[in-house]
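# Summary of the model geometry
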Amino acid sequence: KKKDAAKGSGDNSLANYNVGTDTVEYGNEKLKGATHKKSGRKVVIRTVNKSEGGYDAARIKHEVKVLKQLKHPSCVGLVEVIDSEANFYILFEALGGSSLAARIETNKRGLPEGEAASVAVDVFNALAHLASV
């Protein structure tokens, strides 16, 4: 068996990251924040457990293929993919600032019209780009 890339010391390894403790879970997937040890770049690690139900290798590989082609300012960028024996790790760039949901919740009247229009344009442009990939 090949060495578990997630525990190794190579360039393509989770050992290169300081992984946070806060976890968001859904199904057989988990999300955690992390920071690259050398560069300081913040990422979000999506962990897919290969042994739990719902893991579909073909679907994940197709998703990664699409993510590698997805280069758009309104889409979260793919940073790295790590395939270990037990898990599949997809690392995305971490975004700063508050979420759209949080911004809407803090303003009882919703988003101001100009900001809502700007968000809608960004979403539509991202969807149009995704459809072209």
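This structure is a prediction, so every number in the text was calculated from the model and none was measured.

## A closer look at the layout of surface pockets
Size it by volume and the largest pocket reaches roughly 190 Å³. What lines the largest pocket is a set of 14 residues, and nearest its centre among them are K30, K32, T47, N87 and Y89. If you list the elements that add at least two residues to the lining of the largest pocket, you get strand 1 (17–26), strand 2 (29–36), strand 3 (42–49) and strand 5 (87–93). For the lining of the largest pocket, the per-class residue count stands at 4 nonpolar, 5 polar and 5 charged.

## Quick look at the side chain of T47
Along the chain, T47 falls in strand 3. Ignoring anything within four residues of it in the chain, the contact list for T47 reads N28, E29, K30, N87, F88 and Y89.

## Quick notes on the pairing of strand 3
For strand 3, the buried fraction is high: 6 of the 8 residues fall into the buried class. The pairing of strand 2 with strand 3 spans 7 bridges and is classified as antiparallel. Residue pairing for strand 3: A34 is matched across the bridge by V43. Connecting strand 2 to the antiparallel partner strand 3 that follows it, the hairpin turn spans 5 residues, and G40 within it adopts a positive phi of roughly 80°.

Reading the values: the criteria
Residues numbered from 1 in each chain as written. Predicted model: local features only at pLDDT ≥ 70, side-chain atom pairs only at ≥ 80, totals over all residues. Heavy atoms only, no water. 1 Å grid on protein atoms, 1.4 Å probe; cavity = no way out; pocket = protein on both sides within 12 Å on 5 of 7 lines; lining within 4 Å. Points joined across faces, edges and corners; volume = space filled by probe spheres on them. Helix = DSSP H or I, 4+ residues; strand = E, 2+ residues; numbered from the N terminus. Nonpolar A, V, L, I, M, F, W, Y, C, P; charged D, E, K, R; others polar. Contact = heavy atoms within 4.5 Å. Buried < 20%, exposed > 50% of the residue type's maximum accessible area, 1.4 Å probe, protein only. Pairing = 2+ DSSP bridges.

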